[in-house]
Amino acid sequence: MTMIDIEEEEIGGVAPLDRPESASSVSIDSVESMNGDIPIALEAEELQLALNKEATEEELLKAIMRCKNLVLETDECSLERKWIVRHLIELRLRLQECREAATDPEHPRNKSSGVSKRTIKGHHFILQPLLRSTTSRYCDHCTSTIWCLVQAWYECQDCSYSCHYKCMSSVLRECAHVVTSERGAFEMEICPEVGLSAQRYKCAECKAHLELNKGYNDPKRCDYNGLYYCSGCHWNSLAIIPARVVHNWDFTPKPVCQATLQQLKVASNRPIINLESLNPKLFNFVHELNLLGRLRNDLYGMRKYLLVCRIANEDHLLWKEIDVPHLLETTNMYSLQDLVDVHSGEIFIKIQTWIDTFTKHIKVDCEICKGRGHICEVCSNDQPLYPFESNAVTCEDCHGVFHKNCFNRKNNCPKCIRLKERDNHMKDINCVDDDDE
Ligand SMILES: [Zn+2]
Ligand SMILES: [Zn+2]
Ligand SMILES: [Zn+2]
Ligand SMILES: [Zn+2]
Ligand SMILES: [Zn+2]
Ligand SMILES: [Zn+2]
């Protein structure tokens with residue numbers, strides 16, 4: 001775990017890099033995640049470090065010496081010393097990278113032959129630019145800090161798995177994008193635990209031996225899949241669990257392993273939850289879902305109009321506003337994010353805007369769509385009626401559209417009766433014709 005030999009007493013008790021949540025990382029983290037102004041004494045040095053990517057081992061050794069002297073000149077516990085310590089760490093990491101690059105032709109520091117892209121375990125890793133990062137980043141493989149300014153590191157463009165260059169070849173975790181695409185659905189059983197013995201007391205991901213009651217490396221359960229993990233694979237991250245939402249309408253975030261966290265992130269916008277088949281009763285309990293169902297039906301009806309309207313198509317009306325196309329293309333599939341947005345109420349603001357825009361097009365602005373309205377056969381009111389309107393009803397047999405009130409007053413569909421009468425009439429005529437022959 002100790003990547004560089006920082007002489008602790010010399011730089012004010014900074015511990016070696018360690019896992020995100022462990023106690024020993026606190027001091028290094030406070031150094032690593034420092035934001036704000038760099039002391040003037042260091043500005044020139046920082047700049048040099050960022051720009052001079054080609055620094056030789058000799059130059060780096062000299063810079064480290066300079067930095068060590070700077071440490072001695074500053075007050076203990078001062079902000080300035082913290083910055084210099086951080087700078088010293090970065091210099092040493094750069095020195096380490098420089099030495100590694102000298103023996104490894106594929107190292108990204110070797111510009112002509114270095115690897116900028118690589119596919120491993122389904123991940124599409126892209127070499128990241130060396131930049132001062134404002135947030136702390138941890139390697140998904142070794143769990144220690146990624147010093148983005150000096151260490152070569154990669155990120156998967158599909159699932160955001162990030163790791164050091166040196167960790168890339170030993171990555172164990174399958175790309176979350178591949179896993180969720182192959183699976184095609186969320187786990188819908190709430191925390192389906194099999195127990196530690198069934199796991200042979202091994203971490204479900206890295207297979208490390210799990211010890212009981214040892215504190216630091218205690219097995220951690222992932223609330224999504226019920227499996228146990230070591231603290232390298234489970235960082236106590238919290239996530240909303242799809243099965244708890246669908247069965248209990250419970251949005252409380254629960255602790256999950258890192259693999260699950262990435263899978264849920266990748267899949268959260270995919271319309272893969274068929275709520276009606278998974279839990280039809282939920283619609284009775286959650287008023288908002290009922291409302292959303294009605295609005296989606298309205299939208300679906302409007303979509304039929306817009307799809308066949310030349311003007312709406314030329315205007316790209318359906319697609320220019322919609323960032324969640326499945327809400328329009330289906331009426332029963334939901335993404336996890338949709339349900340979160342129902343819970344927060346956000347989805348209704350969005351959907352109402354779409355409905356207003358589409359209604360205006362169909363009923364006010366567009367002559368083509370206006371001409372496709374129906375006239376209620378019961379009351380013969382000349383105001384066109386549209387099947388997606390809340391006061392309209394469509395006969396399932398003849399697809400005639402009527403006012404709900406008008407339709408309910410009659411026992412049978414007036415259009416169906418009329419069509420039937422016409423059919424009988426035609427039959428009579430045919431019979432008469434037959435008799436004549
Ligand atoms: Zn690493
Ligand atoms: Zn990936
Ligand atoms: Zn593990
Ligand atoms: Zn139109
Ligand atoms: Zn009517
Ligand atoms: Zn009918």
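Definitions and limits used
- Residues numbered from 1 in each chain as written.
- Chains lettered and ligands numbered in written order.
- Predicted model: local features only at pLDDT ≥ 70, side-chain atom pairs only at ≥ 80, totals over all residues.
- Helix = DSSP H or I, 4+ residues; strand = E, 2+ residues; numbered from the N terminus.
- Contact = placed C-beta atoms within 7 Å.
- Pairing = 2+ DSSP bridges.
- Axes fitted to C-alpha atoms, helices over the stretch in contact; angles between N-to-C directions.
- Buried ≥ 20, exposed ≤ 12 C-beta atoms within 10 Å, placed from the backbone.
- Parallel < 35°, antiparallel > 145°, perpendicular 65-115°, else oblique.
- Left-handed = near helix turned anticlockwise from the far one by under 90°.
- Nonpolar A, V, L, I, M, F, W, Y, C, P; charged D, E, K, R; others polar.
- Core = buried A, V, L, I, M, F, W, Y, C linked by C-beta atoms within 7 Å.
- Expected span 1.5 Å × (residues − 1).
- pLDDT = per-residue confidence, 0-100.
- Arc of directions from axis to C-beta.

Asker: Which parts of the structure should I look at to understand the overall build of the protein?
Answerer: In terms of regular secondary structure, the protein is built from 19 helices and 12 strands. Across the protein, contacts joining residues at least 24 apart in sequence account for 59% of those joining residues at least 6 apart.

Asker: Looking at this structure, I do not really get the sheet that holds strand S3 (residues 153-156). What am I missing?
Answerer: Strand pairing within a sheet occurs via backbone hydrogen bonds; the two strands may be parallel or antiparallel. Strand order across the open sheet formed by 4 strands is S1-S2-S3-S4, with antiparallel pairing between neighbours. The open sheet is flanked by strand S1 (117-120) and strand S4 (162-164), the only strands paired with a single partner. Pairwise comparison of adjacent strand axes, ignoring direction, gives a mean angle of 30° for this sheet. As defined by bridge partners, S1 adjoins strand S2 (residues 123-127) across 4 bridges and the pair is classed as antiparallel. By the bridge assignment, Arg118 is partnered in S2 with Phe125.

Asker: When you look at unusual backbone geometry in this model, what are you seeing that I'm missing?
Answerer: Negative phi is the rule for most residues except glycine; trans is the rule for most peptide bonds. In this model, Cys191 sits at a positive phi of 40°, which is unusual for a non-glycine residue. Examined against the element boundaries, Cys191 turns out to sit in the loop between helix H6 (176-183) and strand S5 (220-221). Despite not being glycine, His399 has its phi angle at roughly 60°, a positive value.

Asker: It is not clear to me how the environment of Lys121 should be interpreted in this structure. Could you clarify?
Answerer: Tracing the chain through its elements places Lys121 in the loop between S1 and S2. Among the residues examined, Lys121 registers 14 C-beta atoms within 10 Å and is labelled partly exposed. Through-space distance from the C-alpha of Lys121 to that of Arg173 is 7.0 Å; in sequence the pair is 52 residues apart. Beyond its immediate sequence surroundings of up to four residues, Lys121 is in contact with Val171, Arg173, Glu174 and Cys175.

Asker: I keep staring at the packing of H6 against helix H8 (residues 258-267) and nothing clicks. Help me out?
Answerer: In helix packing, the relevant descriptors are the interaxial angle and the interaxial distance, both defined with respect to the helix axes. As a packed pair, H6 and H8 sit with axes 9 Å apart at the nearest point and diverge in direction by 65°. Between H6 and H8, the angle falls in the class roughly perpendicular. Crossing angle aside, the handedness with which H6 passes H8 is right-handed. Contacts from Ala176, His177, Val179 and Thr180 of H6 reach H8 at Ala259, Gln262, Gln263, Val266 and Ala267. Taken together, the residues of the contact of H6 with H8 break down into 5 nonpolar, 4 polar and no charged.

Asker: Help me understand the nonpolar core, please; the structure alone is not making it clear to me.
Answerer: The tendency in soluble globular proteins is for nonpolar side chains to be buried side by side. Counting residues in hydrophobic clusters, the biggest one holds 44 residues, and the most contacted among them are Trp153 and Tyr229. Counting only elements with at least two residues in this core, the list comes to S3, strand S6 (228-229), helix H7 (242-248), H8 and helix H15 (336-344). Not counting residues up to four positions away in its chain, the partners in contact with Trp153 are Gln128, Ile146, Cys148, Ser162, Cys163, His164 and Tyr165. Among the nonpolar cores identified, the runner-up in size contains 21 residues, and Leu292, Leu306, Leu328 and Ile347 belong to it.

Asker: I'm lost on the packing of helix H11 (residues 287-307) against helix H16 (residues 346-365) in this one. Help?
Answerer: Relative to each other, H11 and H16 sit at 35°, their axes nearing to 10 Å. As H11 runs across H16, the sense of the crossing is left-handed. Contacts between H11 and H16 pair Leu292, Leu295, Asp298, Leu299, Met302, Tyr305 and Leu306 from the former with Ile347, Ile351, Trp354, Ile355, Phe358 and Ile362 from the latter. For the contact of H11 with H16, the class distribution of residues is 12 nonpolar, no polar and 1 charged.

Asker: How should the pairing of S2 be read in this particular structure?
Answerer: When a strand is regular, its side chains alternate between the sheet's two faces. Pairing between S2 and S3: 3 bridges, direction antiparallel. Across the sheet, the residue bridging to Leu127 is Tyr154, located in S3.

Asker: Explain the environment of Thr180 to me, please; I cannot follow it from the model alone.
Answerer: By the secondary structure assignment, Thr180 is in helix H6. The spatial distance from the C-alpha of Thr180 to the C-alpha of Thr260 is 10.0 Å, given a sequence separation of 80 residues. With sequence-adjacent residues up to four places away left out, Thr180 is seen in contact with Gln263, Val266 and Ala267.

Asker: When you look at H16 in this model, what are you seeing that I'm missing?
Answerer: Each full turn of the α-helix corresponds to 3.6 residues, which orients residues three or four apart in the same direction. Spanning 20 residues, H16 covers 28 Å between terminal C-alpha atoms, matching the ideal 28 Å at 1.5 Å per step. Within H16 the residues assigned to the buried category are Ile347, Ile351, Trp354, Phe358, His361 and Ile362. Packing partners of the buried residues in H16 comprise H11, helix H12 (310-314), helix H13 (317-320), H15 and helix H17 (367-370).

Asker: Explanation requested: the confidence of the model for the protein in the structure shown.
Answerer: Detailed reading of predicted coordinates is not advised where the pLDDT is low. Chain-level statistics for the protein give a pLDDT mean of 84 and a share of 85% at 70 or above. The spread of mean pLDDT over the elements of the protein runs between helix H1 (residues 26-32), the lowest at 46, and strand S8 (residues 254-256), the highest at 98. Taken as a whole, residues 1-29 scores under 50 in pLDDT and shows 48 contacts with residues more than four places along the chain or in a different chain.

Asker: How do you make sense of H6 when you look at a structure like this?
Answerer: Listed as buried for H6 are Ala176, His177 and Thr180. Around the axis of H6, the buried residues are gathered within 100° of arc, so they sit on the same side. Taken together, the buried residues of H6 touch H8. With its phi angle positive at about 75°, Gly184 sits one or two positions after the end of H6.

Asker: I'm lost on the environment of Cys98 in this one. Help?
Answerer: Tracing the chain through its elements places Cys98 in helix H4 (residues 79-103). By the C-beta count within 10 Å, which is 20 here, Cys98 ends up buried. Between the alpha carbons of Cys98 and Thr56 there is a distance of 7.4 Å; along the sequence they are 42 residues apart.

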